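For reference, the chains in residue letters:
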Amino acid sequence: SIATPIQNLTHVARRVTQESNFELQAEVKTQDEVGVLAVSLNQLIQRVNTLLKEQKAEQATRLLENEKMSSLGQMLAGVAHEINNPVNFIYGNLIHADEYIRDLLEILELYQEKILDPPSEIRDRAEELEIEYLIEDLPNLVNSMQVGADRVRQIVLSLKNFSRLDDTEPHPVNVQECIESTLLILNNRIKKGIQISCQYGNIPPIPGYTGLLYQVFMNIITNAIDALLEIPESRDKQIKITTECQQPEWLVIRIADNGMGISPENQAKIYDAFFTTKPRGVGTGLGLAISYQIIVEKHNGKLTCDSQVDKGTEFTIFLPLHPTAEDASSATPANCSTC
Ligand SMILES: Nc1ncnc2c1ncn2[C@@H]1O[C@H](COP(=O)(O)OP(=O)(O)O)[C@@H](O)[C@H]1O
Ligand SMILES: [Mg+2]
């Protein structure tokens, strides 16, 4: 009778499920239908086994990446904090230095005006020191120091916001500020013939996670820069960023480049973790996977991509203007009276 071989198969199938032991295999005793069934069962068990192993490996790498990112974030926050104090010190004192210098110059001018014939010792020394040039240059010098210090302050502030990975609940986020700060941090990568234009709509603050949104802008803009570095030097290279309020629901952010574009078959994979077309060590394939998670899961938003090979790519981020009912308790409602 066939009862025994089938019972045998059922027994193996049951043990595999109950014990989660995917190393088990059924014995193939016959070449009839039951034999075929046994072979199929074995293949199925092996397939599950391989998939599970792959999944575990992927999880391990993902954990490691997350770990790396959060320690990098902590380091950034630490560095930003340490730089913050001395920079504010310089910036604050420069304001006074500027005032004092103006006062001194005023007095000097007054001397020059009232004492028309100074002793030769003073006149000679003034000439030696090229005092006229010094008077002219000093205010410019202080001014550029102020601009520089202000820039450092802004970068430090951006880094502090950027590394705010530890937000546990949504806070009002100024998206425009986020974008501007991201561009500031990316500044040294942007120069190479790439033009960035921003058109900001009248957008209200939205409830969200600042540090995470920074990461999204950083990832998408970095990808746009990478795409523009792939096209010939001579072509004109543009990144266009726009924001608008789409009442009643969405804050819409578009980031478009005229880079090399994404082929239709790759478009289906760009959000997969570890999918990258960049050389090892350059691409991690995590940028868009993480961005997708942040926008869709963390913010209940949408992330879409529109791309044409050789024409360019546009990513559109939709963020809810108002928190939905279930997370309304923890989120600060957006004030949308401005748009
Ligand atoms: N703006 C873009 N233009 C062209 N290709 C892009 C663009 N953005 C993303 N891609 C494609 O999607 C892939 C995945 O992006 P991402 O997840 O950020 O990983 P990575 O940048 O590390 O490769 C990239 O390797 C690239 O092939
Ligand atoms: Mg990337």
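Scoring rules and cut-offs
- The residue count restarts for each chain, going from 1 along the sequence in the order it is written.
- Labels follow written order: the first chain is A, the first ligand is 1, and so on.
- In keeping with the predicted nature of the model, local features appear solely for residues at pLDDT of at least 70, side-chain atom pairs appear and are counted solely at 80 or more, and the whole-chain, interface and lining totals rest on all residues.
- Values reported for side chains reflect all heavy atoms of the structure, with hydrogen atoms and water molecules removed beforehand.
- Only DSSP runs of H or I reaching four residues or more are called helices, and only runs of E reaching two or more are called strands; each is numbered from the N terminus.
- Both definitions apply: the radius of gyration is a C-alpha atom measure, and the globule rule equals 2.2 Å times residues to the power 0.38.
- Summary of the burial criterion: residues with accessible area below 20% of their type's maximum are buried, those above 50% are exposed, and those between are partly exposed, where the area comes from a 1.4 Å probe applied to protein chains only.
- Computed with the Shrake-Rupley method and a 1.4 Å probe, the accessible areas treat only the protein chains shown as cover for residues.
- The sign given to each residue is positive for Lys and Arg and negative for Asp and Glu; His and the chain ends receive no count.
- For the purpose of locating charges, the reference atoms are NZ of Lys, CZ of Arg, CG of Asp and CD of Glu.
- Patch definition: residues above 30% relative accessible area lacking any salt bridge, with like charges linked at up to 9 Å and the nonpolar side chains Val, Leu, Ile, Met, Phe, Trp and Tyr linked at up to 5 Å.
- Only one rule defines a salt bridge in this text: a Lys or Arg side-chain nitrogen within 4 Å of an Asp or Glu carboxyl oxygen.
- Two residues form a contact once any of their heavy atoms are found within 4.5 Å.
- We call a residue near a given molecule or strand whenever any one of its heavy atoms falls within 4 Å of it.
- Each polar contact in these results corresponds to two N or O atoms within 3.5 Å; when the atoms are within protein, one needs to be able to donate a hydrogen and the other to accept it, and residues that are neighboring in sequence are counted only if both atoms are side-chain atoms.
- Following DSSP output, two strands are said to pair if at least two bridges run between them.
- Note on definitions: angles span 0 to 180 degrees between N-to-C directions of axes, and those axes are lines fitted to C-alpha atoms, for helices only across the stretch in contact.
- Residue types Ala, Val, Leu, Ile, Met, Phe, Trp, Tyr and Cys, when buried and joined through side-chain atoms within 4.5 Å, form a set referred to as a nonpolar core.

Draft legend 1. The overall build of the protein chain, seen in detail. When helices and strands are counted, the protein chain shows eight helices and seven strands. For the protein chain, whose C-alpha radius of gyration is 31 Å, the value lies well above the compact-globule estimate of 20 Å for 339 residues. Here the C-alpha coordinates of the protein chain stretch approximately 130 × 45 × 40 Å along the principal axes. Taking all 339 residues of the protein chain together, 34% fall into the buried category. Total accessible area on the protein chain stands at roughly 21,300 Å², and carbon and sulfur atoms take up 54% of it. For the protein chain, the distance from the average site of its 29 positive side-chain charges to the average site of its 46 negative ones is 10 Å.

Draft legend 2. Examining a negative patch on the surface more closely. Residues Glu99, Asp103, Glu106, Glu109 and Glu113 make up a contiguous surface patch of negative charge. Topologically, Glu113 is positioned in helix α2 (residues 33-114). Here Glu113 falls in the partly exposed class, since its relative accessible area comes to 46%.

Draft legend 3. Molecular detail of the side chain of Thr182. Take Thr182: it is sitting in helix α5 (residues 175-190). Its relative accessible area of 0% is what places Thr182 among the buried residues. Every residue in contact with Thr182, bar those within four places of it in the chain, is listed here: Tyr214, Phe217, Met218 and Ile221.

Draft legend 4. Examining the site of ligand 1 more closely. Around ligand 1 there are 20 residues in total, and Thr276, Thr277, Lys278, Thr284 and Leu288 lie nearest to it. Measuring from an oxygen atom of ligand 1, one finds a backbone N or O atom of Gly285 at 2.9 Å. Interatomic distance of 3.3 Å between a backbone N/O atom of Gly287 and an oxygen atom of ligand 1. Taken by itself ligand 1 offers 530 Å² of open surface, and the protein chains cover 95% of this.

Draft legend 5. Summary view of the pattern of salt bridges. Using the criterion set out here, one finds seven salt bridges in the structure. Between Asp226 and Arg189 there is a salt bridge whose closest N-O contact spans 2.9 Å. Highlighted residues: Asp226 in helix α6 (residues 210-229) and Arg189 in helix α5, separated in sequence by 37 residues. Exposure remark for Asp226: the relative accessible area of 18% places this residue in the buried category. Between Asp226 and Lys278 there is a salt bridge; the shortest N-O distance is 2.9 Å. Here Asp226 is found in helix α6, whereas its partner Lys278 is found in the loop between α7 (264-267) and α8 (287-298), with 52 residues between them in sequence. Judged by relative accessible area, Lys278 falls into the partly exposed class, the value being 27%. Three or more residues are tied together by salt bridges with common partners; here these are Arg189, Asp226 and Lys278.

Draft legend 6. How the structure looks around the sheet that holds strand β6 (residues 302-308). Read from one edge to the other, the open sheet built from five strands follows the order β2-β4-β5-β7-β6, with strand pairing classed as mixed. Edge positions in the sheet fall to β2 (194-200) and β6, since each has one partner strand and no second. For this sheet, the mean inter-axis angle between neighbouring strands, taken without regard to orientation, is 10 degrees. Of the pairings in the sheet, the one linking β2 to strand β4 (residues 237-246) comprises seven bridges and is parallel in character. In the strand pairing of β4, Ser197 is matched with Lys240. Sitting on the sheet, α8 is in contact with β6 and β7 (312-320), with an inclination near 140 degrees to β6.

Draft legend 7. Representation of the nonpolar core. Judged by nonpolar contacts, the single largest core of 43 residues is most densely connected at Val175, Phe217, Ile255, Ile317 and Leu319. Only α5, α6, β4, β5 (250-257), α8 and β7 provide two or more residues apiece to this core. Here this core takes 11 residues from α6, the largest share from any one element. What Leu319 contacts, discounting residues up to four positions off in sequence, is Val175, Ile206, Leu213, Glu249, Trp250, Leu251, Ile253, Ile295 and His299. Counting residues in hydrophobic clusters, the runner-up holds nine residues, among them Leu9, Val16, Val34 and Ile45.

Purely geometric numbers; function is a separate question.
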